[in-house]
Amino acid sequence: MVSRNTCGIALSDAQRLSHFPASPFVCLSWHSNTDFGLVERNNHGTEWRRFDADVLISGSQSGPTASWSRGSGRGGMIYFPISAATELFQIDVSMIQDRAICARQILGTTWLEMLDALVDCDDDQATLEIIERYLEPRWRPSHPRNATIGILRGAGRQWVDGLARQANEWQRSRGIRQVERRIKAISGRSLREWQSLVGTEQAFFAARDRQESIKSLDWAAFALEAGFADQAHLSRAVKRITGFPPAEFARRFIEDESFWIYRLWV
């Protein structure tokens, strides 16, 4: 769960950008008091497309995304593993892969009260109470209270490891091709692609830890240590997830307000 409030803060146009990585998670997001939209590339450069809803649900993202707000405001996000989103919301998550859709339309009337409450709420503690009040009764009866992810940097790895275990179970009664198609249908990517994504994510955490200790990083040497064929291989992997080459990403991670979501993940 993530909350961001920029009300009363003077931000430049560049600082009102938000960059997000490719992700295996389903995201429920909401915003209030501001025009908010997606920044998309086209043949003429970039274009801002305003969201037509204040509560959105998006599926796994195969590439990086960026959003921009016209002014200051308040919003939040809840990230769900695909299996949890499917069970809670009873939706076909393949329909929202690489998309952001009005949550009121796709989730149905049983969730409208919670969605309206999230948009109207202006306090973090009250937001948590809303989430618990509506989600817990639908989740806890069949899930133990101690089933937790742990730290944020392990969330993606834990989900992909679970997907790999599920694939092994399916292979007992299905062919490899059938299992591959099923994984791609429910998650939007092959298991190998997800494993590559979380492997690159782990390299990101390792690079951050290294930079904090030595203040400088030999990217060519680090690429080999992290299991990549060479620096170019590392660069391609990082750009697929973040949209930026490693050195630029490392610099902007520290200096750029629009990289705030990455700083939460460390």
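This text follows the structure it describes.
Residues numbered from 1 in each chain as written. Predicted model: local features only at pLDDT ≥ 70, side-chain atom pairs only at ≥ 80, totals over all residues. Heavy atoms only, no water.

Asks: Can you help me understand the packing of helix H1 (residues 82–89) against helix H4 (residues 124–139) in this one?
Replies: A packed helix pair is summarised by two numbers, namely the angle formed by the two axes and the spacing between the axes. Between H1 and H4, the shortest axis-to-axis distance is 10 Å and the interhelical angle comes to 90°. Our classification of the angle between H1 and H4 gives roughly perpendicular. Only Leu-135, Arg-138 and Trp-139 of H4 make contact with H1, whose side of the interface consists of Ala-84, Glu-87 and Leu-88. Tallied by class, residues from the contact of H1 with H4 come to four nonpolar, no polar and two charged. (Axes fitted to C-alpha atoms, helices over the stretch in contact; angles between N-to-C directions. Helix = DSSP H or I, 4+ residues; strand = E, 2+ residues; numbered from the N terminus. Parallel < 35°, antiparallel > 145°, perpendicular 65-115°, else oblique. Contact = heavy atoms within 4.5 Å. Nonpolar A, V, L, I, M, F, W, Y, C, P; charged D, E, K, R; others polar.)

Asks: Honestly, the environment of Pro-245 in this entry has me stumped. Any pointers?
Replies: Note that Pro-245 resides in the loop between helix H9 (231–242) and helix H10 (246–255). Judged by its relative accessible area of 28%, Pro-245 falls in the partly exposed class. As for Pro-245 and Ala-232, which are separated by 13 residues in sequence, their C-alpha atoms are 9.4 Å apart. Setting aside residues up to four positions removed in sequence, Pro-245 forms contacts with Ser-235, Val-238 and Lys-239. (Buried < 20%, exposed > 50% of the residue type's maximum accessible area, 1.4 Å probe, protein only.)

Asks: Before we go on, may I ask you to explain the nonpolar core in this structure?
Replies: Generally speaking, a soluble globular protein has its nonpolar side chains buried in company with each other. Counting 43 residues, the largest nonpolar core has Leu-28, Ile-57, Phe-80, Phe-89, Leu-107 and Met-114 as its most contacted members. For Leu-107, the contacting residues outside a window of four places in its chain are Leu-28, Ile-57, Phe-89, Ile-91 and Leu-115. With 14 residues, the next largest nonpolar core counts Val-2, Phe-204, Phe-259 and Ile-261 among its residues. (Core = buried A, V, L, I, M, F, W, Y, C linked by side-chain atoms within 4.5 Å.)

Asks: Quick question: what am I supposed to make of the sheet that holds strand S9 (residues 100–102) here?
Replies: Within a sheet, neighbouring strands are paired by backbone hydrogen bonds and run either parallel or antiparallel to one another. Read from one edge to the other, the open sheet built from five strands follows the order S1-S8-S3-S6-S9, with strand pairing classed as antiparallel. For this open sheet the edge positions go to strand S1 (2–5) and S9, each flanked by a neighbour on one side alone. The mean angle between the axes of side-by-side strands here comes to 20°, regardless of whether they run parallel or antiparallel. As defined by bridge partners, S1 adjoins strand S8 (residues 74–80) across four bridges and the pair is classed as antiparallel. Residue pairing for S8: Asn-5 is matched across the bridge by Arg-74. Together, strand S3 (26–32), strand S6 (55–58) and S8 form the strand contacts of H1, whose direction differs from that of S8 by roughly 100°. (Pairing = 2+ DSSP bridges.)

Asks: How should the side chain of Ser-258 be read in this particular structure?
Replies: Considering the arrangement of structural elements, one finds Ser-258 in the loop between H10 and helix H11 (260–264). Judged by relative accessible area, Ser-258 falls into the buried class, the value being 1%. Setting aside chain neighbours within four positions, we find Ser-258 in contact with Ala-14, Leu-17, Ser-18, His-19 and Arg-252.

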